[in-house]
Amino acid sequence: MTTVCATACADSRRTFLKNSAVALVGTTFPAINFAQSTAQSPRRFNPEPGTWRTFEVTTRVDIQKAKGATRLWVPIPSVNTDWQESLVSSYASNGTTRLEDDGHYGARMLCVEFAANQTAPYVELTSQVRTQNRAQNWAHKIATQQDPATLKFWTQPTELLPTDGLVRKTALAATRGAHTDVEKVKKIYDWIVVNTFREPKVRGCGAGDIATMLETGNLGGKCADLNALFVGLCRAVGVPARDVYGLRVAPSAFGYRELGGNPASLKGAQHCRSEVYLAGYGWVAMDPADVAKVMRQETSEWIKSAQNPLVAPVNQHLFGGWEGNWIGYNVAHDVSLPHAKGPQLGFFMYPVAEDSEGRFDSHEPDSFKYQITAKELKV
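Presented here is a report on the structure given in the accompanying data block. (Residues numbered from 1 in each chain as written. Predicted model: local features only at pLDDT ≥ 70, side-chain atom pairs only at ≥ 80, totals over all residues. Heavy atoms only, no water.)

Turning our eyes to something else, we now look at the packing of aromatic side chains. Think of a pair of aromatic rings as described by two things: how far the centres are apart, and how the planes are tilted against each other in angle. Under the definition given, this model contains 18 aromatic pairs. Considering the side-chain rings of tryptophan 138 and phenylalanine 319, the 5.2 Å spacing of their centres and the 20 degrees angle between planes classify their relative orientation as stacked. Remark: phenylalanine 319 occurs in the loop between α8 (312–317) and β14 (321–322) and tryptophan 138 occurs in the loop between β8 (134–135) and α2 (148–153); sequence separation between them is 181 residues. With a relative accessible area of 27%, tryptophan 138 lands in the partly exposed category. (Phe/Tyr/Trp six-rings, centres within 6.5 Å; stacked < 30°, edge-to-face > 60°. Helix = DSSP H or I, 4+ residues; strand = E, 2+ residues; numbered from the N terminus. Buried < 20%, exposed > 50% of the residue type's maximum accessible area, 1.4 Å probe, protein only.)

A word on the sheet that holds strand β3 (residues 70–75). The strand order across the open sheet built from 5 strands is β5-β6-β3-β16-β17, with neighbouring strands paired in antiparallel fashion. Here the strands that pair on one side only, and so sit at the sheet edges, are β5 (96–101) and β17 (358–359). Pairing analysis gives 6 bridges linking β3 to strand β6 (residues 108–114), with the strands arranged antiparallel. Pairing of tryptophan 73 across the sheet is with cysteine 111, part of β6. (Pairing = 2+ DSSP bridges.)

Looking now at the pairing of β3. β3 sits mainly inside the fold: 5 of its 6 residues count as buried. When β3 meets strand β16 (residues 352–355), the two strands line up antiparallel, connected through 3 bridges. Across the sheet, the residue bridging to leucine 72 is alanine 353, located in β16.

Within the element layout of this structure, serine 252 appears in the loop between β11 (241–248) and β12 (270–278). A distance of 3.1 Å separates a polar side-chain atom of serine 252 from the backbone nitrogen of phenylalanine 254. A polar contact of 2.9 Å, which involves the side chain of serine 252, links it to the side chain of glutamate 323. Once you skip the residues sitting within four places of it in the chain, serine 252 turns out to touch Phe45, Leu259, Gly260, Glu323 and Asn325. (Polar contact = N/O pair within 3.5 Å; in protein donor to acceptor, adjacent residues only side chain to side chain. Contact = heavy atoms within 4.5 Å.)

In structure tokens:
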């Protein structure tokens, strides 16, 4: 076993959305705000920072029925901030292993190569991560300093996050009347909650193709779609913003089934969150996509109002916070995997593999066999 230390650092979807579009998005955005048929008691959701938790996360990949030589890339937690410390990682494999990063964002990964005649190719990666809740104190400003070039970097477009055209038109309409960056971000957050929705049928976490979402008027998706749209709209009006790609590793302490993961089997527990940079506050947590998830999937009834007692505390506290039962892998977009034959990734949150016949389907962990588990360490 080898041990290393972690350091800081969609064509098919496009066609589907265009074919299933119902309308174009204009500059007027009607609210989705239907009355609820079922009265519910108020719920508590109020993550408070201050208590660190340590998780050990293990990803096991077994390559089955490979055709020829095989390459594999597994994300390693590489986020080090005030709310997360990426600690030691160790790995074992019967392939040739090396540590790499994407060369641009600092997204770290374990790369493995298996010879064509390798019997039962496998890799097991274990990473330890410390994390804590986040909650922004909006009444307390701090002295913030950030390199202007760095902030400009986080306003730039990417392949899936354009900042011109309909994206900018939508952002300007959504932020009409806002004067400060905080006001702009709040208006965009509220716009996402009101105008988008969680679509459970979307594969994986979605593609994050925000231009196609707006062009088709199909604003349903999952976290990598809805939070990407939030980030893109923020960037389009000059507010530095970024997606943070990671994994839910434990149940929610507040009893929300959809806001936690089952440590014994984290298949499908990948989750993208977002951050914005605000003068006087620094990098601030955001997650409007999880508001949409609670509205659509927490109960058997699709809740259509963020004022619903079940949704309201989540809507309130995910503007500026999130729960520390989740770890971040990286903040990378447009990821070129080292030595890969397949196309670049919009983001890197799942294990990825290729053989001589092409790339495996990372959203099918039963056929591309991998399992992720976690346990909390008492330290």
